[in-house]
Amino acid sequence: MLMQASALPLKPFRRGKVRDVYEVDADRLLLVATDRVSAFDVVMEETIPYKGAVLTQITAWWLRQLEDRIDHHMLSADIAEIVREVPSLRDHEQELAGRAMLVRKSTVFPVECVVRGYISGSAWKEYREGGTLAGEPLPSGLLESARLDPPIFSPATKAEEGHDENITVERMRQLIGDNDARELERLSRTVYESGRRIAAERGIIIADTKFEFGRMRGTGRDTGGKVILVDEVLTPDSSRFWPADRYEPGHGQPSFDKQPLRDYLDEEKRAGRWDGNYPPPRLPKDVIDATSARYLDIYRRLTGHTLDPNGRH
Ligand SMILES: Nc1ncnc2c1ncn2[C@@H]1O[C@H](COP(=O)(O)OP(=O)(O)O)[C@@H](O)[C@H]1O
Ligand SMILES: [Mg+2]
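Everything in this summary refers to the structure shown in the same document.

Quick notes on the rules
Counting from 1, residues in each chain are numbered in the order their sequence is written. Lettering of chains starts at A and numbering of ligands starts at 1, both following the order in which they are written. The model is predicted, so local features are restricted to residues of pLDDT at least 70 and side-chain atom pairs to those at 80 or more, both for listing and for counting; the totals for chains, interfaces and linings are taken over all residues. Only hydrogens and water are removed before side-chain values are computed, so all heavy atoms of the structure are retained for them. For the exposure calls, accessible area comes from a 1.4 Å probe over protein chains only, and a residue counts as buried if that area is under 20% of its type's maximum, exposed if over 50%, partly exposed in between. Each helix is a run of H or I in the DSSP string that is no shorter than four residues. Each strand is a run of E no shorter than two, and both are numbered from the N terminus. Only strands that DSSP links by at least two bridges are regarded as paired with each other. Axes, fitted as lines to C-alpha atoms, cover a helix only where it is in contact. Angles between the N-to-C directions of the axes lie from 0 to 180 degrees. A cavity here means a set of points on a 1 Å grid, drawn over the protein atoms and nothing else, where a 1.4 Å probe fits but cannot get out; a pocket is an open set with protein on both sides within 12 Å along at least five of seven lines, and a residue lines either one if it has an atom within 4 Å of a point. Grid points are joined across faces, edges and corners, and a volume is the space filled by probe spheres set on the points. Here a Phe, Tyr or Trp ring, Trp counted by its six-membered ring, pairs with any other such ring whose centre lies within 6.5 Å, and the pair is stacked when the planes are under 30 degrees apart, edge-to-face when over 60, and tilted otherwise. Being near a molecule or strand, for a residue, means having at least one of its heavy atoms within 4 Å of it. Polar contacts, as counted here, are pairs of nitrogen or oxygen atoms within 3.5 Å of one another; within protein the pair requires one atom able to donate a hydrogen and one able to accept it, and residues that are adjacent in sequence qualify only if both atoms are side-chain atoms. Note that accessible areas follow from Shrake-Rupley with a 1.4 Å probe, and for residues the cover is restricted to the protein chains shown. Throughout, the ten residues Ala, Val, Leu, Ile, Met, Phe, Trp, Tyr, Cys and Pro are labelled nonpolar, Asp, Glu, Lys and Arg are labelled charged, and all others, Gly among them, are labelled polar. Arc definition: directions from the helix axis to the C-beta atoms. Any two residues whose heavy atoms approach within 4.5 Å at even a single point are treated as in contact. Buried residues of nine kinds, namely Ala, Val, Leu, Ile, Met, Phe, Trp, Tyr and Cys, make up a nonpolar core once their side-chain atoms join them within 4.5 Å.

## Here we look at the pairing of strand 17 (residues 239-243)
Reasoning step 1: By the criterion of burial, strand 17 is predominantly enclosed, with four of the five residues buried.
Reasoning step 2: Here strand 15 (residues 204-216) runs beside strand 17; their pairing, made up of five bridges, is antiparallel. Its bridge partner being in strand 17, Ile206 is matched across the sheet by Phe241.

Shown next, in the form of structure tokens:
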């Protein structure tokens, strides 16, 4: 069932570009990944079949893989279990299946924790222009798409609107304090390095990714104040995924994710039919279908299973 926007009998908490977030109670949120798609920070009018379920189930899969390395927000991504926990969602079981995740509510740190294991995109642009990344000098002579060992941690601020802004680690320390800054960097590196290794075994390069962390609310002896991994984790929306068998440094890489959509929009821009702002152009069916197929393909390559749209495993 396609979803552009949700309307649930719960208190709205936040609506992001892709996710609708509801408050279940003082300690829990319901994250609903819709089928909305954004590119160049503009949300399209059309929806991408299965996209919401793919994003939620990839995050759930990673959190199960990484369970012994990181504390996280997921309570359940199984719709039957969620409806048992939140009976008021009974009539919405069908539309939520696969795409909903019940999570621990946290206070999200106001920084995006970006880890780059390969130099690409805005990082390549900065390096090419001045030899730096996140303001820090890098070795000279790196090729575009080169692997970075160790990976580079390059935080950004969470912009309420428009593009996120890259900041230095020093600036991150000023924003959230030395201890938390150090801890978030350590956790980001741990999760990225595990993720990069696991994905590589499946023929996928995770070139870079963005994590969000939160501090758990409440005063529980084991849980109050603890830093946990929240939001989506190592998905094609929060990361760059490249097919490993086509990897070749020296130029940009074909990407697994929204490439058909980006190519189409680039063409519309080049032809002078779109200025890059809202409203976006209408998407032809073949672009929608190709994008949907990409998401499903990534899910299958990563997990080794075909997506069960109901999110049962
Ligand atoms: N466990 C959590 N506690 C509180 N907020 C969360 C949690 N997990 C995710 N969020 C927030 O939910 C929102 C997810 O919606 P999304 O569509 O990704 O938004 P955005 O357009 O900001 O990327 C984000 O603002 C994220 O910070
Ligand atoms: Mg987001």
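## A few points about the sheet that holds strand 3 (residues 28-33)
Reasoning step 1: Pairing in this open sheet of five strands is antiparallel, and the strands run 1-2-3-7-6 from one edge to the other. Edge positions in the sheet fall to strand 1 (11-15) and strand 6 (74-76), since each of these pairs with one other strand and no more. Put simply, the sheet's adjacent strands are angled 35 degrees from each other on average, direction ignored.
Reasoning step 2: As paired strands, strand 1 and strand 2 (residues 19-23) are joined by four bridges and run antiparallel to one another. Counted as the bridge partner of Pro12 is Tyr22 from strand 2.

## Observations concerning empty space enclosed by the protein
Reasoning step 1: Enumeration according to the criterion identifies one cavity of 30 Å³ or more in this entry.
Reasoning step 2: Taken as a whole, the largest cavity holds about 70 Å³ of empty space.
Reasoning step 3: The wall of the largest cavity is formed by Arg19, Leu31, Ala33, Leu55, Thr56, Thr59, Arg99, Met101, Asp231 and Glu232.
Reasoning step 4: Counting residues per element, the lining of the largest cavity draws most heavily on helix 1 (residues 51-65), at three residues.

## So, the packing of aromatic side chains
Reasoning step 1: One pass over the structure, following the stated rule, counts seven aromatic pairs.
Reasoning step 2: Ring geometry for Phe211 and Phe213: centres 6.3 Å apart, planes at 55 degrees, overall tilted.
Reasoning step 3: Phe213 sits in the buried class, given a relative accessible area of 0%.
Reasoning step 4: Joined through ring pairs, the aromatic side chains of Tyr118, Trp242 and Tyr247 make up one cluster.

## Brief notes about the site of ligand 1
Reasoning step 1: Ligand 1 sits among 18 residues. The nearest are Arg14, Lys17, Arg19, Arg104 and Glu212.
Reasoning step 2: Between ligand 1 and the protein, one listed contact pairs an oxygen atom with a side-chain N or O atom of Arg14 at 2.8 Å.
Reasoning step 3: With respect to ligand 1, the backbone of Asp231 contributes an N or O atom lying 3.2 Å from a nitrogen atom.
Reasoning step 4: Starting from 560 Å² of accessible surface for ligand 1 in isolation, the protein chains cover 90%.

## Some details on the layout of surface pockets
Reasoning step 1: Counted as a void, the second largest pocket has a volume near 220 Å³.
Reasoning step 2: What lines the second largest pocket is a set of 12 residues, among which Met1, Leu2, Tyr50, Arg99 and Pro309 lie closest to the centre.
Reasoning step 3: Classifying every residue of the lining of the second largest pocket gives seven nonpolar, two polar and three charged.

## Some points on helix 5 (residues 169-176)
Reasoning step 1: The set of residues buried in helix 5 consists of Val169, Met172 and Ile176. In a view along the axis of helix 5, the buried residues occupy a sector of 50 degrees, so they form one face of it.
Reasoning step 2: Buried residues along helix 5 sit in contact with strand 9 (111-118), strand 12 (147-153) and helix 6 (178-200).

## Some words on the nonpolar core
Reasoning step 1: One finds Trp62, Met172, Leu184, Phe211 and Phe213 to be the most contacted residues of the largest nonpolar core, which totals 65 residues.
Reasoning step 2: The dominant element in this core, judged by the number of residues it contributes, is helix 1, at eight residues.
Reasoning step 3: Ignoring any residue separated from it by four or fewer positions in sequence, one finds Leu184 in contact with Phe109, Val111, Cys113, Phe153, Met172, Ile176, Phe213 and Val227.
Reasoning step 4: Met3, Val24, Ala97 and Leu102 belong to the second-largest nonpolar core, a separate cluster that totals 16 residues.

## As for unusual backbone geometry
Reasoning step 1: Asp149 connects to Pro150 through a cis peptide bond whose omega is -5 degrees.
Reasoning step 2: With an omega dihedral of 0 degrees, the bond running from Tyr278 to Pro279 counts as a cis peptide bond.
Reasoning step 3: In this structure, Pro279 sits in the loop between helix 7 (259-270) and helix 8 (285-303).
Reasoning step 4: The backbone of Asp41 sits at a positive phi, close to 65 degrees, despite the residue not being glycine.
Reasoning step 5: Counting through the fold element by element, Asp41 comes out in the loop between strand 4 (36-39) and strand 5 (42-47).
Reasoning step 6: By relative accessible area, which is 35% here, Asp41 ends up partly exposed.

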